[in-house]
Amino acid sequence: MNKKTEVDIAIQDVSKVFSTGFGKKKTGVNHLSLEVPRGQVVGLLGPNGSGKSTTIKMILGFLRPSQGEIWVCGHKVPDKITRSFIGYLPENPRFPKFLTGRALLTFYGRLLSLTGKKLENRIDFLLDLVNLKGASDERVQGYSKGMTQRLAIAQSLLNEPRLLIFDEPMSGLDPLGRKDIRNLISLIHSELPQATIFFSSHILEDVEQLCSMVALLRKGELKTFCSIEELLKVEGQRFEVAVSSNGTQVHTLTSTDELLNFLNQSRANGVKIMGISSHRNKLEEALFKDGNLPLSAQNKTLPEARN
Amino acid sequence: MTIKELLHERVFYVLGAFALVALCLSLLLGELTYTEQSKISLDFLLAGIQISNLLFSIFMGITLLNRELNLGWIAMVLSKPVSRFHFLLGKFLGQLSIQAIVILMMGVLLVALCKLNEIQIVPLSIFQSLLLTFLEGLVMTAVVYVFAVNMGALIAAAASLSIFALGNFTEGAIKVNSDLEQNPVWLVFKSLIPNLKLFNMKSLASYGLFLEWHQVGIVALYSFVCASMYFIVASLCFSRRDIYT
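Everything quoted here is computed from the prediction, not taken from an experiment.

J.: I'd love a proper account of the sheet that holds strand S10 (residues 221-227) of chain A, names of residues and values included.
T.: Residues and elements named next belong to chain A. Ordered in space as S6-S7-S8-S3-S9-S10, the 6 strands form an open sheet in which the pairing is mixed. At either margin of the open sheet sits one strand with a lone partner, and together these are strand S6 (86-89) and S10. Strand-to-strand twist in this sheet, taken as the mean axis angle between neighbours without regard to direction, amounts to 15 degrees. Its contacts with the sheet put helix H4 (residues 145-156) on S6 and strand S7 (163-167), and the angle it makes with S6 is roughly 170 degrees.

Below, the structure is given as structure tokens:
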């Protein structure tokens, strides 16, 4: 059944309630609705326990929603066909340690109905891409965390997926490892521009650098879903102008118009401009200021989010 | 993959060592008896194989599924277009293949031990006894999967051992209390527990006797139907459970 083919992930009023024993219940995700358009890099942001991993696991069919439905590339989850479009990188990828990197990729490739020369070529290409060619015949047991992560990325790309889902891809990595993975994600996006990349993270710097759109979850509820630019525009850009007049003074201006006016006036009055610096809001500032979120997801439709 | 995985499991080798010790002990126990020493030795040897096979069914089944779920390997497999039914079936068939090889190896060892100790055996009856042991393993492995997909390792092992005990003693209970045959609760209970007594031909084999092939066929059919039913239940439970890895 085809439905919602213009978006790669359509989450419709999904809730997940966990039983915590003795009749007690905990809501992991609460009435979540979200539509991820094709070809976007979407960051799913939120603090620990906000429902990011639960949402991802429901998209993959690992968890059954208590309410609502999820569609992936036009097919309803948990139909196994949905997973033929997906490349998945779990938060802590773990592999059977007795196999080599190449043997693992061969095994996962066969699960995707890839065989023979086609599979071999694909594995060679991916090992090269993730820079693991030299270690491909070593057992996974001897891989570092970064190598394991890169192997996991390679397995997620075996089927040239239309939708890549990465759950905290940079978690637990050192700064160099994080940079490696970030570069790899950028490379994947440039190699597969039609593919949608949907990843969760609480490392805002990574999201800011990689994503075109951001969905923010808090306590299982969607707080906002918009483009990064839109989110960073909250409270506008600000400029700091240092002028020499009775010593150095710094003036803060909040718009380009204001800046131009100030510069014209300074020139007219013969005031010397020592320097101008521009400050954009950091994602962190934008996200953690309650009430400043630009768009309420509940009242927002997808086309608006795209604009 | 499952076979490779099992061959890298420590518990597999522990069980293998246990099987060897069990066979040697069975032989020693048989020699301690005064009468029909060779028959009792053979009976013990076959019992050793049956117990080893039961332990393989329980511990390998539980280990296989628990490792997948606890270590998170399952996430990599189920994120591919693989249904949970096929995942479970792969594990089940992989495990049964290993069990078939282990029974075959223990059978060869049994014949060698019998030759060394000059115990007379009838190959056909030994073969039939080993075949029925394998079929019992087929049913028990399916039972183990029902528990392993629903509960923790310890409770699943205890529940599987209980089913093994009940499956061997339900027939005996009817002999002791014939009124049970009329009791509807008992009838429901009996229909849920596999009749494992059907797979026990150790005594026949130790006397060099064997079953007619059509009887073996009926037992085989029973084991396939029974194992399929338990496997379907396990698969339904598994397809509905949440996977948190």
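Next comes the rest of the description.
J.: Please give an account of the packing of helix H3 (residues 37-71) of chain B against helix H5 (residues 84-116) of chain B that cites residues and values.
T.: Describing two packed helices takes the angle between their axes plus the distance from one axis to the other. All names here are of chain B. Where H3 contacts H5, the two axes come as close as 10 Å, and the packing angle between them is 155 degrees. The angle between H3 and H5 falls in the class roughly antiparallel. When the axes of H3 and H5 are compared, the crossing they make is right-handed. Residue classes in the contact of H3 with H5 are distributed as 16 nonpolar, 7 polar and 2 charged.

J.: Before we move on, could you go through helix H8 (residues 256-269) of chain A and cite the residues and values that matter?
T.: All names here are of chain A. The end-to-end C-alpha separation of H8 is 20 Å, in line with the 20 Å expected for 14 residues at 1.5 Å each. Within H8, burial applies to Leu259, Phe262, Leu263 and Ser266. Looking down the long axis of H8, one finds its buried residues gathered within 100 degrees of arc, a one-sided arrangement. Among the exposed residues of H8, those oriented more than 90 degrees off its buried face are Asp257, Leu260, Gln265 and Ala268. Buried residues along H8 sit in contact with strand S11 (238-244), strand S12 (248-253) and strand S13 (272-279). Within two residues after H8, glycine 270 carries a phi angle of roughly 70 degrees, on the positive side.

J.: Describe the packing of H5 of chain B against helix H10 (residues 213-240) of chain B, and please don't skip the residues or the numbers.
T.: All names here are of chain B. Between H5 and H10, whose axes approach to 9 Å, the crossing angle comes to 135 degrees. Comparing the axis directions of H5 and H10 gives the class oblique. For the crossing formed where H5 meets H10, the hand is right-handed. Of H10, the residues touching H5 (which contributes Arg84, Phe85, Phe87, Leu88, Leu89 and Phe92) are Phe231, Ala234, Ser235, Phe238 and Ser239. Each residue belonging to the contact of H5 with H10 can be placed in one class, and the counts come to 8 nonpolar, 2 polar and 1 charged.

J.: Please set out the nonpolar core residue by residue, giving values where relevant.
T.: Residues and elements named next belong to chain A. Core analysis: the biggest nonpolar cluster contains 153 residues, and Leu158 and Phe198 have the highest contact counts within it. When sequence neighbours within four positions are dropped, the list of residues in contact with phenylalanine 198 reads Ile9, Leu34, Val36, Val42, Leu44, Ile56, Ile59, Leu163, Leu164, Ile165 and Phe166. Counting residues in hydrophobic clusters, the runner-up holds 7 residues, among them Phe239, Leu253, Phe262 and Leu263.

J.: Tell me about the interface of chain B and chain A, and name the residues and values.
T.: Contact with chain B, which involves 26 residues of that partner, is made by 28 residues of chain A. Summed over both partners, the interface of chain B with chain A buries about 2,500 Å², with 64% contributed by carbon and sulfur atoms. Applying the counting criterion to the chain B and chain A interface returns 1 salt bridge. Among the salt bridges present, the one from lysine 16 of chain A reaches aspartate 242 of chain B, with a minimum N-O distance of 2.6 Å. Remark: the boundary between chain B and chain A carries 11 residue pairs in polar contact (both at pLDDT 80 or more). When contributions to the side of chain B that touches chain A are tallied by element, the ones reaching two or more residues are helix H1 (2-7), H3, helix H4 (73-78), H5 and H10 of chain B.

J.: Mind laying out the packing of aromatic side chains, listing which residues take part and the relevant values?
T.: Under the counting rule described, the total for this entry stands at 11 aromatic pairs over all chains. Seen from their ring centres, phenylalanine 107 of chain A and tyrosine 108 of chain A are 5.3 Å apart, and the 50 degrees between their planes marks the pair as tilted. When its relative accessible area of 1% is taken as the criterion, tyrosine 108 of chain A is described as buried. Pairing tryptophan 186 of chain B with phenylalanine 189 of chain B gives two aromatic rings, centres 5.5 Å apart and planes at 40 degrees, and the pair type is tilted. With tryptophan 186 of chain B and phenylalanine 189 of chain B both in helix H8 (residues 184-192) and 3 residues apart, this pair spans about one turn of that helix. These aromatic residues form a ring-pair network of at least three members: Phe85, Phe92, Tyr145 and Phe231 of chain B. A cation sits over an aromatic face here: arginine 162 of chain A above phenylalanine 85 of chain A, 5.3 Å from the ring centre. In this structure, arginine 84 of chain B packs its charged tip against the face of phenylalanine 238 of chain B, placed 5.9 Å from the ring centre.

J.: I'd like to hear about the state of the cysteines, residue by residue, with values.
T.: Residues and elements named next belong to chain A. Under the definition given, this model contains 0 disulfides over all chains. No disulfide involves cysteine 73; its nearest neighbouring cysteine sulfur is the one of cysteine 211, lying 18 Å away. The thiol of cysteine 226 is not disulfide-bonded; the next cysteine sulfur, from cysteine 211, is found 11 Å away. Cysteine 226 sits in the buried class, given a relative accessible area of 0%.

J.: Which residues make up the pairing of S6 of chain A, and what values go with them?
T.: Residue and element names in this part refer to chain A. Side chains of S6 alternate between two faces, with Ile86 and Tyr88 and Gly87 and Leu89 buried alike. Relative to S7, S6 runs parallel, the two being bridged by 4 bridges. Residue glycine 87 lies in a different strand from S7, and its bridge partner there is leucine 164.

J.: Give me the pattern of salt bridges: which residues, what numbers.
T.: All names here are of chain A. For the structure shown, the criterion picks out 13 salt bridges over all chains. Between lysine 52 and glutamate 168 there is a salt bridge, with the nearest N and O atoms lying 3.7 Å from each other. With lysine 52 in helix H1 (residues 52-60) and glutamate 168 in the loop between S7 and helix H5 (175-191), this residue pair connects regions lying 116 residues apart in the sequence. Lysine 52 gets classed as buried once you look at its relative accessible area, which sits at 5%. The shortest N-O distance in the salt bridge between arginine 178 and aspartate 206 comes to 3.4 Å. One end of the pair, arginine 178, is in helix H5; the other, aspartate 206, is in helix H6 (residues 204-210), with 28 residues separating them in the sequence. Residues arginine 178 and aspartate 206 agree in their burial class; the two are buried. What emerges from the salt-bridge pattern is a single network uniting Asp8, Arg38 and Arg162.

J.: I'd like a description of helix H3 (residues 116-129) of chain A, backed by residues and values.
T.: All names here are of chain A. For H3, spanning 14 residues, the distance from its first C-alpha to its last is 20 Å, which sits close to the expected 20 Å at 1.5 Å a residue. Inspection of H3 places Leu119, Arg122, Ile123, Leu126, Leu127 and Leu129 among the buried residues, and these make up the whole buried set. Seen from one end, H3 has its buried residues packed into an arc of 155 degrees, which puts them on one side. Turned more than 90 degrees off the buried face of H3, the exposed positions are Lys117 and Asp128. Here the buried face of H3 lies against helix H2 (101-111), H4 and H5. Of the residues flanking the end of H3, it is asparagine 131, one or two places downstream, whose phi is positive at about 60 degrees.

About the criteria used
Residues numbered from 1 in each chain as written. Chains lettered and ligands numbered in written order. Predicted model: local features only at pLDDT ≥ 70, side-chain atom pairs only at ≥ 80, totals over all residues. Heavy atoms only, no water. Pairing = 2+ DSSP bridges. Helix = DSSP H or I, 4+ residues; strand = E, 2+ residues; numbered from the N terminus. Axes fitted to C-alpha atoms, helices over the stretch in contact; angles between N-to-C directions. Contact = heavy atoms within 4.5 Å. Parallel < 35°, antiparallel > 145°, perpendicular 65-115°, else oblique. Left-handed = near helix turned anticlockwise from the far one by under 90°. Nonpolar A, V, L, I, M, F, W, Y, C, P; charged D, E, K, R; others polar. Expected span 1.5 Å × (residues − 1). Buried < 20%, exposed > 50% of the residue type's maximum accessible area, 1.4 Å probe, protein only. Arc of directions from axis to C-beta. Core = buried A, V, L, I, M, F, W, Y, C linked by side-chain atoms within 4.5 Å. Buried area = accessible area lost by both parts, 1.4 Å probe. Salt bridge = Lys/Arg side-chain N within 4 Å of Asp/Glu carboxyl O. Polar contact = N/O pair within 3.5 Å; in protein donor to acceptor, adjacent residues only side chain to side chain. Phe/Tyr/Trp six-rings, centres within 6.5 Å; stacked < 30°, edge-to-face > 60°. Lys NZ or Arg CZ within 6 Å of the ring centre and 35° of its normal. Disulfide = S-S within 2.5 Å.

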